[in-house]
Amino acid sequence: MPPPGRVGDVVQWRKSLYEIINKPTDGGVTPLHMAALNGHVHCLHLLLDLGTSVNEVTVEDGTTINLIGAGNTHLHYAAYGGNPQCCQLCSFCYYILVRCVFFLMFLADILLCSRF
């Protein structure tokens, strides 16, 4: 729970929390990647409920241990870890993301068509 205070305090608290849960290591590995790799389904649920970004990919920067290579998402890490529940949850996140993108594209088409 956020500390008691003004609305601005709550907004700042949420912003700080978002920065913490999405902070990558040198190679771009986030807490979501590590929870998926190690099969921590409850941690995945918690991170997703807190609003972690599902679009983060690892990068090759030569300064960190790159577990499965550059350009990988948390879904790749879940598959590498071999936990079927993690794989299912991570793939569902991408399904929802794709559905949202297509819905927004549909709304944009409707708005553009109605501008006669």
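This text goes with the structure placed above it.
These notes cover the structure that comes with them.

Here is what the cut-offs are and how they apply
- Residues numbered from 1 in each chain as written.
- Predicted model: local features only at pLDDT ≥ 70, side-chain atom pairs only at ≥ 80, totals over all residues.
- Heavy atoms only, no water.
- Helix = DSSP H or I, 4+ residues; strand = E, 2+ residues; numbered from the N terminus.
- Polar contact = N/O pair within 3.5 Å; in protein donor to acceptor, adjacent residues only side chain to side chain.
- Contact = heavy atoms within 4.5 Å.
- Patch = residues over 30% accessible without salt bridge, like charges linked within 9 Å, V, L, I, M, F, W, Y side chains within 5 Å.
- Areas by Shrake-Rupley, 256 points an atom, 1.4 Å probe, with all protein chains shown as cover.
- Salt bridge = Lys/Arg side-chain N within 4 Å of Asp/Glu carboxyl O.
- Axes fitted to C-alpha atoms, helices over the stretch in contact; angles between N-to-C directions.
- Parallel < 35°, antiparallel > 145°, perpendicular 65-115°, else oblique.
- Left-handed = near helix turned anticlockwise from the far one by under 90°.
- Nonpolar A, V, L, I, M, F, W, Y, C, P; charged D, E, K, R; others polar.

Description of the side chain of threonine 52
Then, number 1: Within the element layout of this structure, threonine 52 appears in the loop between helix H3 (41-49) and helix H4 (74-81).
Then, number 2: Of the polar contacts made by the side chain of threonine 52, one reaches the side chain of asparagine 22; its length is 2.8 Å.
Then, number 3: Excluding residues that lie within four positions of it along the chain, threonine 52 makes contacts with Ile21, Asn22, Leu32 and Leu47.

Things to note about a nonpolar patch on the surface
Then, number 1: Judged by side-chain polarity, Phe103, Leu104, Phe106, Leu107 and Ile110 come together as a nonpolar surface patch covering roughly 490 Å² of accessible area.
Then, number 2: Its place among the elements puts phenylalanine 103 in helix H5 (residues 84-113).

Re the packing of H4 against H5
Then, number 1: Where H4 contacts H5, the axes come no closer than 8 Å and their chain directions differ by 160°. Judged by the angle between their axes, H4 and H5 are roughly antiparallel. For the pair H4 and H5, the sense of crossing is left-handed. For the pair H4 and H5, the contacting residues are His74, Leu75, Ala78 and Ala79 in the first and Cys86, Cys87, Cys90, Ser91, Cys93 and Tyr94 in the second.
Then, number 2: Here the contact of H4 with H5 is built from residues that sort into eight nonpolar, two polar and no charged.

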